[in-house]
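Chain by chain, the residues run as shown.
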Amino acid sequence: MNSANETKLQNQEPEDIELEAENITQETQLNTEEMDSESKKEKIYSQNKQAKFGYIKYVSLGILTVQNSALGLSMRYARTRNGVLFSAAAAVLMTEILKLAICIVLVMNESGGIRKGSQILYSTVILNIKDTLRVGVPSFLYVIQNNLLYVSASNLDAATNQVTYQLKLLTTAFFAVLVLKKRLKRWQWGALGLLVIGVALVQLTSTEEKNKTSESQSKVLGFSAVLAACFISGFAGIYFEKVLKESDISVWMRNVQLSLLSVPIGIITYLIDSKGAISELLKGFDGFVWYLIILQAAGGALIVISSIFLYGYVPKKKEPRNPLSV
């Protein structure tokens with residue numbers, strides 16, 4: 001069979017071979033033209049993203065790592081320095097307001113103008129209020145989590161707090177397997193096991209040095225707060241990821257909904273914490289506290305950017321959902 005094919009190829013004239021190649025090219029082009037428009041868009045987007053933005057995910061992850069480290073150190077310093085102590089609930093509220101402003105600006109930029117962006121915001125957030133309320137659960141949890149982080153920063157040294165808070169990777173993996181039915185590889189489970197061992201070693205070291213801790217600080221309270229923040233972070237992150245994957249709304253628009261619901265929750269949290277002292281909302285706020293708020297708000301935007309380039313959270317057209325489905 002092979003010898004017969006070779007003989008046939010040898011007997012063909014160069015013009016015939018070129019004609020066949022041209023026909024194959026035309027057929028391929030025809031098939032490309034007949035491709036579904038959505039498939040073509042997704043293919044072109046994927047190729048362009050890999051070519052132009054391949055390095056950005058590593059840059060964003062590097063910046064996010066620096067931001068997280070600086071945030072932990074800054075929170076610890078802000079809560080233990082001399083002077084008037086600011087309200088952690090007020091700081092969380094200001095952070096949510098700033099994040100809301102940042103996301104609104106990015107939605108306007110994504111929409112191509114203030115007028116069009118305002119119309120999209122109104123139709124997506126206000127008119128579609130039921131969909132907005134879907135992110136009410138993570139909105140509430142993130143406010144609680146951020147308040148718990150201030151509690152842990154007030155009672156644990158920066159190193160212990162930062163290392164222990166990395167347990168959120170373990171809780172995120174747990175809820176990803178439980179909620180999203182993801183499968184982790186063996187080396188991923190091994191890495192999570194090493195993380196747990198590292199956290200345990202840090203806790204043993206900090207226990208030996210507990211005599212150096214101020215009397216106003218409680219290791220038990222700090223560890224309980226950071227552990228609760230880890231579980232909340234894991235569940236809220238996976239819940240929000242599930243909402244993103246089940247809708248055709250952009251990531252920035254979802255974050256507008258998230259922050260918009262977080263602001264009233266933050267106000268209620270502050271009123272409970274301060275017993276209604278609205279006049280003392282900005283008590284103790286100075287340049288460093290505002291720097292801390294900006295740093296934390298920027299971290300939220302960096303997480304979104306990292307998610308876009310790592311996981312490709314881009315709005316896609318979906319089939320109409322069954323109204324009877326949950």
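Residues numbered from 1 in each chain as written. Predicted model: local features only at pLDDT ≥ 70, side-chain atom pairs only at ≥ 80, totals over all residues. Heavy atoms only, no water.

As recorded in an unreviewed UniProt entry, the chain goes by the name UDP-N-acetylglucosamine transporter, listed as coming from Pieris brassicae. Of the chain, the UniProt comment under Subcellular location (unreviewed entry) reads exactly: "Membrane". Turning to the chain, the UniProt annotation filed under Sequence similarities (unreviewed entry) states: "Belongs to the nucleotide-sugar transporter family. SLC35A subfamily." (UniProt positions renumbered as here; feature names shortened; annotations may be inferred.)

Caption draft 1: Focus on the overall build of the chain. Within the chain, the secondary structure is distributed over 14 helices and zero strands. The linear arrangement of helices and strands in the chain, starting from the amino end, is α-α-α-α-α-α-α-α-α-α-α-α-α-α. Expressed as a percentage of contacts within the chain between residues at least 6 apart in sequence, the contacts between residues at least 24 apart total 84%. (Helix = DSSP H or I, 4+ residues; strand = E, 2+ residues; numbered from the N terminus. Contact = heavy atoms within 4.5 Å.)

Caption draft 2: Structural context of helix 8 (residues 136–155). With 20 residues, helix 8 ought to run about 28 Å at 1.5 Å a step, and its terminal C-alpha atoms sit 29 Å apart, in line with that. With 14 of 20 residues buried, helix 8 lies mostly within the body of the structure. (Expected span 1.5 Å × (residues − 1). Buried < 20%, exposed > 50% of the residue type's maximum accessible area, 1.4 Å probe, protein only.)

Caption draft 3: Local environment of the UniProt feature "transmembrane region" (unreviewed entry) in the chain. Taking the numbering used here, the UniProt-annotated feature "transmembrane region" (unreviewed entry) corresponds to residues 58–78, 84–108, 187–205, 220–240, 252–272 and 288–314. Across residues 252–272 one finds 100% helix and 0% strand; the C-alpha atoms that close the span lie 30 Å apart.

Caption draft 4: Inspection of the packing of aromatic side chains at higher detail. Tallied over the entire structure, the rule returns eight aromatic pairs. Relative to F285, the ring of F86 lies with its centre 6.1 Å away and its plane at 75°, an arrangement referred to as edge-to-face. Of this pair, F86 sits in the loop between helix 4 (56–80) and helix 5 (88–111) while F285 sits in the loop between helix 13 (251–274) and helix 14 (287–311), and the two are 199 residues apart along the sequence. You'll find F86 and F285 in the same group, each marked buried. Relative to Y291, the ring of F288 lies with its centre 5.3 Å away and its plane at 50°, an arrangement referred to as tilted. Taken together, the residues F288 and Y291, both in helix 14 and three residues apart, mark about one turn of the helix. Taking relative accessible area as the criterion, Y291 reaches 36% and is therefore assigned partly exposed. Through pairs of rings, three or more aromatic residues link up here, namely F86, Y150, F285 and W290. (Phe/Tyr/Trp six-rings, centres within 6.5 Å; stacked < 30°, edge-to-face > 60°.)

Caption draft 5: Spotlight on the environment of L156. On the secondary structure map, L156 appears in the loop between helix 8 and helix 9 (158–165). For L156, a relative accessible area of 1% translates into the label buried. Excluding residues that lie within four positions of it along the chain, L156 makes contacts with R76, N161, K219, G222, F223 and V226.

Caption draft 6: Fine view of unusual backbone geometry. Its identity as a non-glycine residue notwithstanding, K181 has a phi of 60°, on the positive side. As for its position among the elements, K181 is in the loop between helix 10 (168–179) and helix 11 (186–208).

Caption draft 7: The arrangement of the nonpolar core in detail. If you look at the biggest cluster of nonpolar residues, it comprises 47 residues, and the most contacted ones within it are M75, F86, L121, Y150, V256, F285 and L292. Among the elements of the structure, helix 4, helix 5, helix 6 (114–126), helix 8, helix 11, helix 12 (219–245), helix 13 and helix 14 are those that each provide at least two residues to this core. Per-element accounting of this core gives the leading share, 11 residues, to helix 5. In terms of nonpolar packing, the next biggest core, distinct from the first, is built from seven residues, V135, V243, L244 and L258 among them. (Core = buried A, V, L, I, M, F, W, Y, C linked by side-chain atoms within 4.5 Å.)

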